[in-house]
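Close look at the chain arrangement
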Amino acid sequence: MHSTSVLILVGVIGLTLGALLAFLASRGRQSIDRTQELELRLKEANTKLEDFQLQVNEHFDHTAQLVHNLTESYRDVHEYLANSAMRLSSQDIGRQMLEAGSGQLSDRNEELNVLPPRDWAPKEPGAKGTLSEEFGLEKEASTPTPAPEGVTHR
């Protein structure tokens, strides 16, 4: 009878040990699977980021090309209008348009001699200037003003 109990005890211990080993093996396998899954997701995210950066670069390259084309078209239209003005109207007007398109300013700007606005005004010696906080404020006498006829104070 002693041997039967030992045999059952060894069987239960073996079964428990086998279950424990199976649990640890499956848990280690899940950890490896989880790591591989995270590495795969990281690679996908990096690929998406690189694709997005490439799209942004292509967008700005294309935008720069379109702006360049727009500038060239504007220049062509301006030259066409200036040439037409020279042919169809006086040469003075055409020359002014050409100079305006090339960035040259006309001589009229030299004639304009505009002074910047002044935030001060001349004052008498000892008087407060216009930027003073008391400028224009007169101290009133503390005498009460007479009430108009027919009005009573309550």
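These numbers come from a predicted model, not from an experiment. (Residues numbered from 1 in each chain as written. Predicted model: local features only at pLDDT ≥ 70, side-chain atom pairs only at ≥ 80, totals over all residues. Heavy atoms only, no water.)

So, the overall build of the protein chain
Counting its secondary structure elements, the protein chain contains three helices and zero strands. Burial status across the protein chain gives 4% buried among its 154 residues. As displayed, the protein chain has an accessible area near 15,000 Å², and 59% of this comes from carbon and sulfur atoms. (Helix = DSSP H or I, 4+ residues; strand = E, 2+ residues; numbered from the N terminus. Buried < 20%, exposed > 50% of the residue type's maximum accessible area, 1.4 Å probe, protein only. Areas by Shrake-Rupley, 256 points an atom, 1.4 Å probe, with all protein chains shown as cover.)

What about the pattern of salt bridges?
This structure, assessed with the given rule, holds two salt bridges. Residue Arg-34 is joined to Glu-37 by a salt bridge in which the shortest nitrogen-to-oxygen separation is 3.9 Å. A residue pair is termed a helical-turn pair when its members lie 3 or 4 positions apart in one helix, as Arg-34 and Glu-37 do in helix H1 (residues 2–88) at three residues. Overall, the relative accessible area of 44% leaves Arg-34 in the partly exposed class. Of the charged contacts, one joins Arg-75 and Glu-72 as a salt bridge, the two residues approaching to 2.9 Å between their closest N and O atoms. Here Arg-75 pairs with Glu-72, and both are found in helix H1, just three residues apart, close to one helical turn. Relative accessible area serves as the criterion here: at 40%, Arg-75 is assigned to the partly exposed category. For Glu-72, a relative accessible area of 30% puts it in the partly exposed group. (Salt bridge = Lys/Arg side-chain N within 4 Å of Asp/Glu carboxyl O.)

Re the confidence of the model for the protein chain
Within the protein chain, residue pLDDT values average 75, and 61% of them lie at 70 or more. Mean pLDDT per element in the protein chain: helix H3 (residues 108–111) is the minimum at 49, and H1 is the maximum at 87. Low pLDDT, under 50, characterises residues 104–109; the stretch is placed with one contact to residues that sit more than four places away or in other chains. (pLDDT = per-residue confidence, 0-100. Contact = heavy atoms within 4.5 Å.)

Focus: a nonpolar patch on the surface
Where nonpolar side chains cluster on the molecular surface, the patch consists of Leu-9, Ile-13, Leu-17 and Leu-21 and spans about 400 Å² of accessible area. Within the element layout of this structure, Ile-13 appears in helix H1. (Patch = residues over 30% accessible without salt bridge, like charges linked within 9 Å, V, L, I, M, F, W, Y side chains within 5 Å.)

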